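# Notes for the structure review
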Amino acid sequence: MAGLRIAAGLALLACTSAFRAAGRSAVRPSALRMALIPGQPYGTQKSLEKLDEMIKTANTIAKTGRGIAATDESNATTGKRLATIGVENTEENRRDWRELLYTAPGLGEYVSGAIMFEETLYQRARNGKQFVDLLNEAGIIPGIKVDTGMQPLNPFGETATQGLDMLGARCEKYYEQGARFCKWRAVVQCTHDLPSEQAMVENAHGLARYAAIAQSAGLVPIVEPETTLGPGDHSIERVAEVSEKFNSLVFRFLNEYDVVLEAILLKPNMVLPGLDLGVPPPEEVAKYTVQVMKRTVPAAVPGIHFLSGGMSEEESTLNLQALNDEYPTAPWSLTFSYGRALQSTTLKTWAGKEENWDAAQDIMVQLAKVHAQACRGEYTGPHPVPGGGRILQPIRLGGAGK
């Protein structure tokens, strides 16, 4: 299946190149598709029944000064994290952990959306209320992870994201349950030699197909092209180069599949060098990250929600502040979609003990607050979790870990 998608993607690129070679008057492939749709121009976009709602949702989530809580870890990944505090990986314990996060008093002031795992989307809190209702009451829009994990792509250790099968039906079901946006993660590795063209095309194509399907079901797609932080001595310039190429390819495919950019959100990586080179100053991260975003992200996109990607909690805040210092007039909000940078110390504080519940929620809200301040360019410190090392985890292969 992956091979077929790669072949299709390469064929599409070749087709587009041929049209370009023929001159400016040549008809683009997307125009050929639109010509077959009644009511064109923009026939595909006009056929989206919930387009106005999706644009409103995207703008609400991307509002400056608020971000996304990424709580979509699979059951397997959640189990590994619970194990670090001596808590068994059961449905009840996973539910308690998510309830602690979602019911933190005041969280909605700093968080506009929460990405959930499928199990969590259907769970109820101890008081019997569904999590989606609790989130909506707090002013937090519920979202859902829809990819089903990564599988090996080639002998070089690269991966392709799975989950397109029956995606349309699943998205419709998630919308009925209360989700209003969704997320799909696509990862490429960066070294002196990687990523391969194969990996970039396969993953960019998958992101575009997913986004088109999600919008047809009324869900705002979070598009997550991640040039992942990993071992090596490759420079920050090398990561910027790879991120720029990957992002450019992603938006090329999004346009070919007639995805409405006003109704998506982007979740990219910040530009960080290989781990062997240590932690760069925030100003350097901001310089190269803003450069990549300026060169690749159209102004139509409402928000860029950066992933924390293994950065420490304080590093995540400082880099976000530096981004907004570097580009205070950005056409998109420069904000966050953090998982570990919100949850790591929160989990340690809770430690699975009821008596620590309030303290854990308090640290969660404090972290959300400083990240939100950084989104507005207003963070001055002190940080609730100063210092700390990188919070790294290996890429996990396999399904969604149900």
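Our structure is the block above this text.
Attention in this report is confined to the structure presented alongside it.

### Observations concerning the overall build of the protein chain
Counting its secondary structure elements, the protein chain contains 15 helices and 10 strands. A fraction of 80% describes how many contacts in the protein chain between residues 6 or more apart in sequence connect residues 24 or more apart. Of the accessible surface of the protein chain, which amounts to about 16,200 Å², a share of 52% is contributed by carbon and sulfur atoms.

### Here we look at the packing of helix H10 (residues 197-216) against helix H11 (residues 236-256)
One way to put it is that H10 packs onto H11 with a least axis distance of 8 Å and a crossing angle of 40 degrees. Classified by the interaxial angle, the pair formed by H10 and H11 is oblique. Helix-helix and strand crossings are classified by hand; for H10 and H11 the assignment is right-handed. The segment H10 lies against H11, with Met200, Val201, Asn203, Ala204, His205, Leu207, Ala208 and Ala211 engaging Lys245, Phe246, Leu249, Val250, Phe253 and Leu254. Partitioned by chemical class, the residues of the contact of H10 with H11 number 11 nonpolar, two polar and one charged.

### Side note on helix H4 (residues 51-61)
All of the buried residues along H4 are Leu51, Met54, Thr57, Ala58 and Ile61. The buried residues of H4 occupy one face: seen down the axis, they fall within an arc of 120 degrees. Seen from the open side of H4, the exposed residues pointing more than 90 degrees away from its buried face are Asp52 and Lys56.

### Details of unusual backbone geometry
Here the amide bond leading from Leu194 into Pro195 is cis, since omega sits at 10 degrees, within 30 degrees of zero. Secondary-structure assignment places Pro195 in the loop between strand S6 (181-188) and H10. Cis geometry marks the peptide bond from Gly381 to Pro382, where omega comes out at -5 degrees. Positive phi, normally seen in glycine, also occurs at Met166, with a value near 60 degrees. Here Met166 lies in the loop between strand S5 (159-161) and helix H9 (167-177).

### A closer look at the pattern of salt bridges
Following the criterion strictly, the structure yields 17 salt bridges and no others. Measuring nitrogen to oxygen at the nearest pair gives 3.6 Å for the salt bridge that ties Arg180 to Glu53. Remark: Glu53 occurs in helix H4 and Arg180 occurs in the loop between H9 and S6; sequence separation between them is 127 residues. A relative accessible area of 31% places Glu53 in the partly exposed class. The residue Asp72 makes a salt bridge to Lys183 at a minimum N-O spacing of 2.8 Å. Residue Asp72 is found in the loop between strand S1 (67-71) and helix H5 (75-83), and its partner Lys183 is found in strand S6; the two are separated by 111 residues along the sequence. By relative accessible area, which is 6% here, Asp72 ends up buried. With a relative accessible area of 5%, Lys183 lands in the buried category. A single salt-bridge network, built from bridges that share partners, covers Arg95, Asp96, Arg126 and Glu354.

### Side note on the environment of Thr191
Tracing the backbone through its elements, the reader meets Thr191 in the loop between S6 and H10. Residue classification places Thr191 among the partly exposed positions, given a relative accessible area of 25%. C-alpha separation for the pair Thr191 and Val239, spaced 48 residues apart in sequence, amounts to 8.3 Å. In contact with Thr191, not counting residues within four places along its chain, are His234 and Arg238. A distance of 3.0 Å separates a polar side-chain atom of Thr191 from the backbone nitrogen of Asp193. Here Leu194 takes part through its backbone nitrogen, which lies 2.8 Å from a polar atom of the side chain of Thr191.

### A closer look at the packing of aromatic side chains
This model, assessed by the stated rule, comprises five aromatic pairs. Considering the side-chain rings of Trp97 and Trp350, the 5.7 Å spacing of their centres and the 15 degrees angle between planes classify their relative orientation as stacked. Taken together, the residues span a long stretch of sequence, with Trp97 in helix H6 (residues 91-102) and Trp350 in helix H14 (residues 340-350) at a distance of 253 residues. Each of the two residues, Trp97 as well as Trp350, counts as buried. Each ring, one from Phe336 and one from Tyr338, has its centre 5.2 Å from the other, and the planes form 35 degrees; the classification is tilted.

### A few points about the environment of Ala199
One can find Ala199 in helix H10. Residue Ala199 is classed as buried on the basis of its relative accessible area of 1%. Along the sequence, Ala199 and Asn154 sit 45 residues apart, while their C-alpha atoms lie 8.5 Å from each other. Setting aside anything within four residues of it in sequence, one finds Ala199 in contact with Leu153, Glu158 and Val188.

Scoring rules and cut-offs
- Residues numbered from 1 in each chain as written.
- Predicted model: local features only at pLDDT ≥ 70, side-chain atom pairs only at ≥ 80, totals over all residues.
- Heavy atoms only, no water.
- Helix = DSSP H or I, 4+ residues; strand = E, 2+ residues; numbered from the N terminus.
- Contact = heavy atoms within 4.5 Å.
- Areas by Shrake-Rupley, 256 points an atom, 1.4 Å probe, with all protein chains shown as cover.
- Axes fitted to C-alpha atoms, helices over the stretch in contact; angles between N-to-C directions.
- Parallel < 35°, antiparallel > 145°, perpendicular 65-115°, else oblique.
- Left-handed = near helix turned anticlockwise from the far one by under 90°.
- Nonpolar A, V, L, I, M, F, W, Y, C, P; charged D, E, K, R; others polar.
- Buried < 20%, exposed > 50% of the residue type's maximum accessible area, 1.4 Å probe, protein only.
- Arc of directions from axis to C-beta.
- Salt bridge = Lys/Arg side-chain N within 4 Å of Asp/Glu carboxyl O.
- Polar contact = N/O pair within 3.5 Å; in protein donor to acceptor, adjacent residues only side chain to side chain.
- Phe/Tyr/Trp six-rings, centres within 6.5 Å; stacked < 30°, edge-to-face > 60°.

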